[in-house]
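Chain by chain, the residues run as shown.
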Amino acid sequence: MVQTGQISADNLDVFMPLIPGILQAQALEEEGFRFYGISVDDEAAGIIVIRERADTADIRFMYLLPARRRMGYMDQALSTVLFDLHRDGFTRVIVNYVPSEYEAVAHICDRFSFVKHKTDRAFFRFRAAQIRKCKAVTYVPQGIMKLRALPDRIKQELYKRVDTRGYDISHIIGNSDLRNNVEEHSLVYMEGDKPMGLMLVQDMKTLPAGDRSGAFGIIFPEGASADIALIYIGSTQVKAPLYLVSALARDILTVYEENEFITGYFPESHLTKLLEGTLGVQAMREMTGEFILDSLESYYE
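Because the structure is a prediction, the values reported are computed rather than measured.

**Concerning the overall build of the protein chain**
Next, step 1: When you go through the protein chain residue by residue, the secondary structure sums to eight helices and twelve strands.
Next, step 2: Relative to the compact-globule value of 19 Å for 301 residues, the protein chain shows a C-alpha radius of gyration of 21 Å, a close match.
Next, step 3: Taken along its principal axes, the extent of the C-alpha atoms in the protein chain is 70 × 35 × 35 Å.
Next, step 4: Out of the 301 residues in the protein chain, the part that is buried amounts to 51%.
Next, step 5: Within the protein chain, residue pairs in contact and separated by at least 24 positions form 74% of the contacts whose partners lie at least 6 positions apart.
Next, step 6: Per element, the accessible surface of the protein chain, about 14,500 Å² overall, is 48% carbon and sulfur.

Right, here's the structure in full:
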């Protein structure tokens, strides 16, 4: 027997292992999350995590245990969730995903007739070996230093700069192990003693499996598919990203194994074109699936 019901944050014990660690921390510390547990024969089998934003419900995570997949359980659960959200006054449901990386979400959006829109975000996922002959390695990076080698005052300046760009890396700054991990691999472009560009890089392999879901609480695609994550690139100079990407390419070829996956989420912009042009890898565009809940009213007639 399959059951789906809303559960409180205080009663998540049996479902907690199904939620990625980074989302657990965000969902339990912030307001506006709701959880729907999926049980099969009275045992926890899956979870749907919703973030409430005014009249919009944002699906942040959907998961079923592998042994419970391909049986229609997620479709049943999502139907229950959609009707519940409609009764609670929400007007639409959205989900962001990269189709090629999260095929299950793409199939669900198709089955439920979600309207699809392309976003202005691009997702990269490539093996280290793919960039062996890329253009980036032909450039000589200048003024590049590792973040770990810089004084604390410069690190704090850079972290503030990231924050003002709207990226939440508080979970990294507040955790010494995560911070040391990022500072060990991240790159800074310096002009004299002034930082003019930053690339934050995280080695996902060293993180516990439950925490490998990437930066900023992004859940789609699954972070477990990444060995190395590019979580931020920003600069105040046009040339800085080129030097940063060139230095990254050299690190990838000398530090990382050829079969390791590197991933990154970025706004579709000059940076996306630079990564595609110099690394020779194709970005995949993120999609937003939208379901208008008023379409359910016909089922009540």
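**Some words on the confidence of the model for the protein chain**
Interpreting fine coordinate detail is not advised for predicted regions of low pLDDT.
Next, step 1: Put simply, the protein chain has an average pLDDT of 84, and 91% of its residues get 70 or more.
Next, step 2: Low pLDDT (under 50) marks residues 212-224, which in the prediction has 53 contacts with non-local residues, meaning those over four places away or in another chain.

**Considering the packing of aromatic side chains**
Here the distance between the centres and the angle between the planes together describe a pair of aromatic rings.
Next, step 1: Evaluated as defined, the whole model comprises three aromatic pairs.
Next, step 2: Considering the side-chain rings of Phe114 and Phe291, the 5.5 Å spacing of their centres and the 45 degrees angle between planes classify their relative orientation as tilted. Placement of Phe114 in the loop between α3 (103-111) and β6 (115-127) and of Phe291 in strand β12 (residues 284-292) is noted, with a sequence separation of 177 residues between them.
Next, step 3: Assessed through its relative accessible area of 9%, Phe291 is described here as buried.
Next, step 4: With 5.3 Å between their ring centres and 45 degrees between their planes, Tyr189 and Tyr243 make a pair best called tilted.

**What about the pattern of salt bridges?**
Next, step 1: Using the criterion set out here, one finds 16 salt bridges in the structure.
Next, step 2: Among the salt bridges present, the one from Asp58 reaches Arg53, with a minimum N-O distance of 3.9 Å.
Next, step 3: For Asp58, a relative accessible area of 11% translates into the label buried.
Next, step 4: Residue Arg53 is classed as partly exposed on the basis of its relative accessible area, which comes to 39%.
Next, step 5: With a shortest N-O distance of 2.3 Å, Lys116 and Asp110 are connected by a salt bridge.
Next, step 6: Each of Arg34, Glu52, Asp84, Arg87 and Asp88 takes part in one network of salt bridges that share partners.

**Structural notes on α3**
Next, step 1: What α3 keeps buried is the set Val105, Ala106, Ile108 and Cys109. Angular distribution of buried residues about the axis of α3 spans 160 degrees; they occupy a single face of the element.
Next, step 2: Where α3 ends, the next residue or the one after it, Ser113, has phi of about 60 degrees, a positive value.

**Regarding the sheet that holds β6**
Next, step 1: On the basis of which strands lie adjacent, the open sheet formed by twelve strands has the order β1-β2-β3-β4-β5-β12-β6-β11-β10-β9-β8-β7 and mixed pairing. Each end of this open sheet is capped by a strand with a single partner; those strands are β1 (2-7) and β7 (144-146). In this sheet, neighbouring strand axes are inclined to one another by 25 degrees on average, regardless of whether the strands run parallel or antiparallel.
Next, step 2: Sitting on the sheet, helix α4 (residues 152-164) is in contact with β8 (187-191), β9 (194-203) and β10 (228-235), with an inclination near 80 degrees to β9.
Next, step 3: Here helix α6 (residues 176-185) sits on the sheet and contacts β7, β8, β9 and β10; the angle it forms with β9, its principal contact strand, is near 120 degrees.

**Considerations on unusual backbone geometry**
Next, step 1: Phi at Ala54 is positive, roughly 55 degrees, even though this residue is not glycine.
Next, step 2: Assessed through its relative accessible area of 75%, Ala54 is described here as exposed.
Next, step 3: Positive phi values are uncommon outside glycine, yet Ser113 reaches one of about 60 degrees.
Next, step 4: Along the chain, the position of Ser113 falls in the loop between α3 and β6.

**Let's talk about the environment of Asp10**
Next, step 1: Here Asp10 shows up in the loop between β1 and α1 (21-29).
Next, step 2: In sequence terms Asp10 and Ala136 are 126 residues apart; their C-alpha atoms lie 50 Å from each other.

Calculation criteria
- Residues numbered from 1 in each chain as written.
- Predicted model: local features only at pLDDT ≥ 70, side-chain atom pairs only at ≥ 80, totals over all residues.
- Heavy atoms only, no water.
- Helix = DSSP H or I, 4+ residues; strand = E, 2+ residues; numbered from the N terminus.
- Rg over C-alpha atoms; globule rule 2.2 N^0.38 Å.
- Buried < 20%, exposed > 50% of the residue type's maximum accessible area, 1.4 Å probe, protein only.
- Contact = heavy atoms within 4.5 Å.
- Areas by Shrake-Rupley, 256 points an atom, 1.4 Å probe, with all protein chains shown as cover.
- pLDDT = per-residue confidence, 0-100.
- Phe/Tyr/Trp six-rings, centres within 6.5 Å; stacked < 30°, edge-to-face > 60°.
- Salt bridge = Lys/Arg side-chain N within 4 Å of Asp/Glu carboxyl O.
- Arc of directions from axis to C-beta.
- Pairing = 2+ DSSP bridges.
- Axes fitted to C-alpha atoms, helices over the stretch in contact; angles between N-to-C directions.

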